[in-house]
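What follows is the residue order along each chain.
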Amino acid sequence: MAVPLYLLILLVGVLCGESKFMVYNTSQSIVPGKLNVHLVPHTHDDVGWLKTVDQYYVGSNNSIQGACVQNVLDSVVPALLADKNRKFIYVEQAAFFQRWWRDQSETVQSTVKQLVSSGQLELINGGMCMHDEAVPHYIDMIDQTTLGHRFIKEEFGITPRIGWQIDPFGHSAVQAYLLGAEVGFDSLFFGRIDYQDRAKRKAEKSLEVVWRGSKSLSSSAQIFAGAFPENYEPPKGFYFEVNDDSPVVQDDRNLFDYNVQDRVNDFVAAALSQANITRTNHIMWTMGTDFKYQYAHTWFRQMDKLIHYVNQDGRINALYSTPSIYTDAKYATNGSWPIKTKDFFPYADRVNAYWTGYFTSRPALKGYVRMMSGYYLAARQLEFFNGRSKSGPNTDSLGDALAIAQHHDAVSGTEKQHVADDYAKRLSIGYKEAEDLVAESLACLASKTGCQNAVTKFQQCPLLNISYCPPSEIDLSSGKKLVVVVYNSLGWTREDVLRIPVIDENVTVWDSSGQEIESQIIPISNGSLGIRNYYSAAYLGKAPSLSPAYWLAFSASVPPLGFSTYTISSAKRTAAASKRQTFYKSRGNKNDIVEVGPGNLKLVYSGNEGELTRYINNKRSVNASVQQSYSFYLAHDGSTDLEPQAAGAYIFRPNGSFSIKSERQQVPLTVYRGPILDEVHQTINSWIYQITRVYKGKEHAEVEFTVGPIPIDDGIGKEIVTRISTNIKSNKTFYTDSSGRDFIERIRDYRADWSLQVNQPVAGNYYPINLGIYMKDTNTELSILVDRSVGGSSIVDGQVELMLHRRLLHDDSRGVAEALNETVCVHDECTGLTIQGKYYLRVDPQGEAAKWRRSFGQQIYSPFLLAFAEQDGDKWESSHVPTFSGVDASYSLPENVAMITLQELQDGKVLLRLAHLYEIEEDQDLSVMASVELKKLFPNKTISKISEMSLSANQERAEMLKKRLVWKVEGSNDVEPTVLRGRPIDPSELVVELAPMEIRTFSIDFNYKSSTSER
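Residues numbered from 1 in each chain as written. Predicted model: local features only at pLDDT ≥ 70, side-chain atom pairs only at ≥ 80, totals over all residues. Heavy atoms only, no water.

Caption draft 1: A look at the nonpolar core. With 187 residues, the main nonpolar core has Phe-97, Phe-267, Tyr-293, Val-932, Leu-934 and Phe-938 as its most contacted residues. Of the residues forming this core, the biggest block, 12 residues, is contributed by helix α14 (residues 417-446). Not counting the four nearest positions on each side in its chain, Phe-267 is found in contact with Val-37, Leu-39, Phe-238, Trp-285, Leu-306, Val-310, Ile-316 and Ala-318. Listed in part, the 39 residues of the second largest apolar core include Ile-223, Ala-225, Ile-277 and Phe-344. (Core = buried A, V, L, I, M, F, W, Y, C linked by side-chain atoms within 4.5 Å. Buried < 20%, exposed > 50% of the residue type's maximum accessible area, 1.4 Å probe, protein only. Helix = DSSP H or I, 4+ residues; strand = E, 2+ residues; numbered from the N terminus. Contact = heavy atoms within 4.5 Å.)

The structure is reproduced here in structure tokens:
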């Protein structure tokens, strides 16, 4: 075809035009008096979400999501080398950066170290993942952060300065003061706060604040914190990944679509808009989002041009920056900032969209993580006592798996099902190695001849929660004995009731001194056996060949950081130990009253209704009306909305509440009584079964619930709650914990920071619960503690509710693209997931409940660790020590102090963390300074050196405090009230003081006086 002459002339002009290499000036720094736009290049790389950790790293399974973290890191390094002014920040250490680092040559590693040293590449946040802030326990948050910070310190010799929690779905007070200020961060940035809160803060220019998350530690643990104007992405029109639709800067005048001035104008307009809602002349643009910079040059090319041309324009100043540079610039203005207290829960991103469902989502995974967390704490103690092995099993694998599981799309329950399976698999693998270590350590510590001759093969029962424990289900009639070693990871002597499954009721229990002790046999219910057989088959791949008939219950007393040994043998039970169990089934007589409880606590049930009516504790003069029931919320499908919003893994949106009534006229009530405990068994319906236990020596009730499979035959998802109702005049007020630590006052339909527009009166009043929830009036307190993270609230005065399980049929359109419909499959037949868990209930006179919440809360987190061995004859006593304690025989930790870390590191140093359990004014006796005597805590070892460290143990605390930025707050004078803190440790006295809510971390070098093993 003929080519028009004017096109030929144009083509020749282009081809013959002079070619020039354009050098962009990116060297600009902060300019006083101008608006400074800090461009912060970043990628947000989820440690599992739609794909597993490994799939994200290598870039596989891209049919789900095109994401490859290897490509990001491979691409960023040469892009930074191309221009010394470019900068980049990276966050996720465990799943991604450490893996990538191990794969690099020494040359590349040397280059990266130079980039880090120069500040071009900044490692911020620094944990193994970006943990969630609603559902992890604070100990897990500390552990995972410590692992990441240790790696950065060892490899790069630096300590991260900035907290970067940009994607978690709400933000906890514990994150601010513990995982912020106490790890040495100068600032904390995040992306998600309630849409109503964000709008008010924009109007008031209060997106950036000084956050005081702890009323106990107050200004001594405050941090500068900033919420982004619109999540953690660039302003609209400035996305530059390959194939993004934002206009590039086309600055070649020889080509069509030259748009430099247009792009500069867009940039200036967006910057001025953000400046109007931000204090000072500094604003931050987060230049990146999920899994970006897979081809980093596409981003840096455009940012080079923007910096060059915007600064030529001169109206504002643009520069490559990092959050550290931005923080220092804000601090240099010497301004005063609004103060923020408490937390940023709950979070909604729009009307009818409260992200409060994930507080309960995937309750089985949440329970598994919590169980493994307590086990990891105990296993590290035993690893310390026995000496860390250079070649044998250790706790590292479990620590890594737990760290990854704290990710904000892991334990949160907001990942795809195959990713949840991957997290559980990693935990299982980590547990297996830690299990071997625990068995070896206990064998060494129990052997009279030390490790070299320790031959005992201890077994453990990770499926004891479903009554499956092969080591205890042995035939003792031939003269064998079952040895149970009970380890206590708490710092004080602990007494608790053990329950283990056995096949025969004719057994006797002997304690460490050889004395027969009281025990009790309780039949295992058919429902429990059904769950045992089904779920053990799902877990092991085959059904168990034997089913136990009974629970054997007995009380164990174990010294601090030590073990006691109990022996079970076959014998005709003595009269004292074989009080006959009575069986009671209510028949609906109107005047039937059933009272249960062998000790001070009595629960009263109505025989007519089969329901709890009263809670009586004569020791504490408590006689309270208490009722307990089950209900379910129908999950909203969003079909009637202009902007559809269904309930899903993230979002709780109920569409009506319905009581769950027994399928019979009254709830069948079966009571088992005995000298140690009473049990009340209730079949609520075909898919809810409950056992309530009242122990002789305890003043709380233990409620074990079995819920599932939740029926969905009607095509509607459901969310199951239990409600505890009282006559307490709570006046809309209740209290929930922050990550298992401080308790925060909640007021229904109220926010302290803004005037709440209520559009979801249930979901908008839900809060995360890791430790417990309580409410009170002038006379009485009701406290409920939990065994895993759940969502809960007080929707009605005098009533507390906990969400126990969720099964949904719609996705909530927040990215996971999968309904939260968990199933379990055996032999290709699948059923909905059944959950078994516990909560604990207690009523106290007002002001007397904190002791139980704090001390028993530690027991829930750190249950007894059980190990089993078989014994023939009486050989055990001659070759094993019956008891052990790692502390001085006359010593235990104060009851207001917990040891939350005792760990020998690879370099031989020992990491010790001690935590005060109480807040100021929480308890009149225990909210005081506490002291720990290290010489008695470690009686067989001499401390040659001790250094107090930051919370994550990556720098000495004194050095951290010297560097800390001290921020001014609005409305206060320059002199802040003195905050109570423990004094520096005297290396000769070796006494650690802890003020309320204080956690102190130490690095210790020991000279060992004696040892039970080869180190």
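Caption draft 2: How the structure looks around the confidence of the model for the chain. Model confidence for the chain is summarised by a mean pLDDT of 92, while 95% of its residues fall at 70 or above. The model gives residues 1-19 a pLDDT under 50, and that stretch makes four contacts with residues more than four places away or in other chains. The low-confidence segment residues 1010-1015, where pLDDT is below 50, has 13 contacts with residues more than four positions distant or belonging to other chains. (pLDDT = per-residue confidence, 0-100.)

Caption draft 3: Structural view of the sheet that holds strand β12 (residues 339-341). Ordered in space as β4-β5-β7-β6-β12, the five strands form an open sheet in which the pairing is mixed. This sheet does not close on itself; its edge strands, each paired only once, are β4 (162-165) and β12. Strand-to-strand twist of the sheet, defined as the mean angle between neighbouring strand axes without regard to direction, takes the value 30 degrees. Of the strand pairs in this sheet, strand β5 (residues 187-190) and strand β7 (residues 223-227) are connected by four bridges, and their pairing is parallel. (Pairing = 2+ DSSP bridges. Axes fitted to C-alpha atoms, helices over the stretch in contact; angles between N-to-C directions.)

Caption draft 4: Representation of helix α11 (residues 323-332) in the model. Here α11 has its buried residues at Pro-323, Ser-324, Tyr-326, Thr-327, Ala-329 and Lys-330. Where α11 ends, the next residue or the one after it, Asn-334, has phi of about 60 degrees, a positive value.

Caption draft 5: Summary view of the side chain of Ser-862. Tracing the chain through its elements places Ser-862 in the loop between α16 (850-861) and β41 (865-872). Overall, Ser-862 belongs to the buried group, its relative accessible area being 3%. Sequence-distant contacts of Ser-862, defined by excluding residues within four places in its chain, comprise Leu-377, Ser-489, Leu-490 and Arg-494.

Caption draft 6: The arrangement of the pairing of strand β32 (residues 743-747) in detail. As paired elements, strand β31 (residues 733-737) and β32 share five bridges and run antiparallel to each other. Residue Tyr-735 lies in a different strand from β32, and its bridge partner there is Glu-745. The turn linking β31 back onto β32 is made up of five residues, and Ser-739 within it adopts a positive phi angle of 55 degrees.

Caption draft 7: Spatial organisation of the state of the cysteines. With the rule as written, the count across this model stands at two disulfides. Cys-461 shares a disulfide with Cys-469; S-S distance 2.0 Å. Residues Cys-461 and Cys-469 are joined through a disulfide that is right-handed, its torsion about the S-S bond being 60 degrees. Since its relative accessible area comes to 0%, Cys-469 is described here as buried. Covalently, Cys-825 is tied to Cys-830 through a disulfide, its sulfur atoms 1.8 Å apart. Judged by the sign of its S-S torsion, about 105 degrees, the bond between Cys-825 and Cys-830 is right-handed. Under the relative-accessibility criterion, Cys-825 is labelled partly exposed at 41%. Overall, the relative accessible area of 45% leaves Cys-830 in the partly exposed class. Considering cysteine sulfurs only, Cys-129 is the nearest to Cys-68, which forms no disulfide, with 20 Å between them. (Disulfide = S-S within 2.5 Å.)

Caption draft 8: Seen up close, the sheet that holds strand β9 (residues 282-287). Read across the sheet, three strands follow the order β9-β1-β10 without closing on themselves; strand pairing throughout is parallel. Two strands bound the open sheet, and with one partner strand each, they are β9 and β10 (317-320). Across the sheet, the mean angle separating the axes of adjacent strands is 25 degrees when strand polarity is ignored. Two elements, strand β1 (residues 36-41) and β10, share four bridges in a ladder whose sense is parallel. What sits directly across from Asn-36, in β10, is Asn-317. Sheet contacts for helix α9 (residues 260-275): β1, β9 and β10; angle to β9, the most-contacted strand, approximately 120 degrees.

Caption draft 9: Up close: the pairing of strand β44 (residues 910-916). For β44, the buried fraction is high: seven of the seven residues fall into the buried class. Taking every second residue as pointing to the same face, both faces of β44 are buried, with Val-910, Leu-912, Leu-914 and His-916 on one and Leu-911, Arg-913 and Ala-915 on the other. As judged from the seven bridges shared by strand β43 (residues 897-904) and β44, these two strands associate in the antiparallel manner. Residue Leu-902 lies in a different strand from β44, and its bridge partner there is Leu-912.

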